[in-house]
Amino acid sequence: MARGAGRERGPSAGKAGLAAAVLVVAVSAWWFLTDGRTLLSEGRPQAEALREYIAAAQRRDCASVLAAVSSRTREAVQTALPGRPNLELMLCDYSPAPARLSNFETDRIRVEDVSGGVAQVSAAYTYERLFGFFPRGRDRHVYNLVLEDGRWRVDLAEHFAAATRARRVK
């Protein structure tokens, strides 16, 4: 038998190979855009800081939640809610996202951007759709983190500052 006999490579074989390569690239790009960056964020200090904050809130460890937020956040809460004695409980229950912190998934956290001492880190959360008639949905919320005293902390100050401004307008 002659060498290479029976293995004709025509134009259709080349097109099939190209189509397979395009499919692999498209699937890889889709995976990277949806979940790939989550895997690449593992172990980064910004992702770990948000993970610890959410986990502390889920186990109702309010002292750890208070330690995980920025000093600006603590000051903004005291300004927005003057006279409230229990700052720990206020922050333990608070979530700027449309979901409670108990609905967040600590294994789906990714670092979106880091610029000096400021970072944007997102976390996925699940929610009920249309009174439970459809499967649960999933969305992401982006948190701002700041570097304070060598530690990344969740910065919710803008959310409380907005509440203070709204109260002053009324």
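Only a predicted model underlies this, so the values are computations on that prediction, with no experimental measurement involved. (Residues numbered from 1 in each chain as written. Predicted model: local features only at pLDDT ≥ 70, side-chain atom pairs only at ≥ 80, totals over all residues. Heavy atoms only, no water.)

Draft legend 1. Region of the structure containing unusual backbone geometry. One non-glycine residue, arginine 60, lies in positive phi territory at about 60 degrees. With respect to the secondary-structure elements, arginine 60 resides in the loop between helix 2 (45–58) and helix 3 (62–68). The class of arginine 60 is partly exposed, set by a relative accessible area of 45%. With a phi close to 55 degrees, aspartate 149 is a non-glycine residue in the positive phi region. Relative to the helices and strands, aspartate 149 resides in the loop between strand 3 (134–148) and strand 4 (151–155). The class of aspartate 149 is exposed, set by a relative accessible area of 79%. (Helix = DSSP H or I, 4+ residues; strand = E, 2+ residues; numbered from the N terminus. Buried < 20%, exposed > 50% of the residue type's maximum accessible area, 1.4 Å probe, protein only.)

Draft legend 2. Fine view of the environment of glycine 150. With respect to the secondary-structure elements, glycine 150 resides in the loop between strand 3 and strand 4. Glycine 150 gets classed as exposed once you look at its relative accessible area, which sits at 72%. Separated by 33 residues in the primary sequence, glycine 150 and glycine 117 place their C-alpha atoms 9.5 Å from one another.

Draft legend 3. Molecular detail of the confidence of the model for the protein. In this model, the protein carries an average pLDDT of 77, and 71% of its residues clear a pLDDT of 70 or more. Low pLDDT (under 50) marks residues 36–41, which in the prediction has 15 contacts with non-local residues, meaning those over four places away or in another chain. Confidence drops under pLDDT 50 across residues 166–170; counting only partners more than four residues distant or on other chains, this segment forms five contacts. (pLDDT = per-residue confidence, 0-100. Contact = heavy atoms within 4.5 Å.)

Draft legend 4. Broad picture of the side chain of glutamate 105. Within the secondary structure, glutamate 105 sits in strand 1 (residues 104–115). The class for glutamate 105 is buried, based on a relative accessible area of 13%. Those residues in contact with glutamate 105, other than ones at most four positions away along the chain, are Ala124, Tyr125, Thr126 and Arg138.

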